[in-house]
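Close look at the chain arrangement
The residues making up each chain are set out below.
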Amino acid sequence: MRVTFGEIYVEDQSKFRAEHAAFINAKYVVSLEVVEFAAKKAIKNWNAGRRISRSLPIEILLHYAATRQIKDALKLGVGKGVNRVAAVILDEGKVEGFEEKEFKPEYDVDAVVKHYGITKEELKIAGLEKLSLLVRERIALFSAFEEVV
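Residues numbered from 1 in each chain as written. Predicted model: local features only at pLDDT ≥ 70, side-chain atom pairs only at ≥ 80, totals over all residues. Heavy atoms only, no water.

With their axes 8 Å apart at the nearest point, helix H1 (residues 32–47) and helix H2 (residues 56–65) run at an angle of 125 degrees to one another. Comparing their axes, H2 and H1 come out oblique. Crossing of H1 against H2: the hand is right-handed. Of H2, the residues touching H1 (which contributes Val-34, Val-35, Ala-38, Ala-39, Lys-41, Ala-42, Ile-43, Asn-45 and Trp-46) are Leu-56, Glu-59, Ile-60, His-63 and Tyr-64. Class assignment of the residues belonging to the contact of H1 with H2 gives a composition of 10 nonpolar, 2 polar and 2 charged. (Axes fitted to C-alpha atoms, helices over the stretch in contact; angles between N-to-C directions. Helix = DSSP H or I, 4+ residues; strand = E, 2+ residues; numbered from the N terminus. Parallel < 35°, antiparallel > 145°, perpendicular 65-115°, else oblique. Left-handed = near helix turned anticlockwise from the far one by under 90°. Contact = heavy atoms within 4.5 Å. Nonpolar A, V, L, I, M, F, W, Y, C, P; charged D, E, K, R; others polar.)

This is how it looks when you write it as structure tokens:
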């Protein structure tokens, strides 16, 4: 497994299927470390037989999104056209259409805060520089719940 930034072009998102990588819209990616954390949790649960979906890339997206609802997790995925993404590469030789590119995370604070239900009070106490820790906490709580269920 490798986690990196890059771009992928999607002709038709309703037909887009990634079998060997998970792609997360960069506007929701506060750091690659958080993506890697979610991916490791998803793979651990997947290997233990605690699966939510039928596909490991979707499982990773569900964990990163901290939700059991695929339709909600897909909101953090790719759309039509060129997408700046964080990619969790599961099989290097089989990922098509993805071009690795270096860029700093340019996440949308409002979108991240809204998606994860982070309150103004939490953000005020932790500070914007700790947003990645707040997101990681949501993923950890989701993962802990998945392990109990």
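If you walk through the whole model with that rule in mind, you get 11 salt bridges. Residue Arg-2 is joined to Glu-100 by a salt bridge in which the shortest nitrogen-to-oxygen separation is 3.0 Å. One end of the pair, Arg-2, is in strand E1 (residues 2–10); the other, Glu-100, is in strand E4 (residues 98–100), and 98 residues separate them in sequence. Residue classification places Glu-100 among the partly exposed residues on the basis of a relative accessible area of 44%. The salt bridge partner of Asp-91 is Lys-94, with a shortest N-O separation of 4.0 Å. Several salt bridges share partner residues, and in doing so they unite Glu-7, Arg-84, Lys-101 and Glu-106 into one network. (Salt bridge = Lys/Arg side-chain N within 4 Å of Asp/Glu carboxyl O. Buried < 20%, exposed > 50% of the residue type's maximum accessible area, 1.4 Å probe, protein only.)

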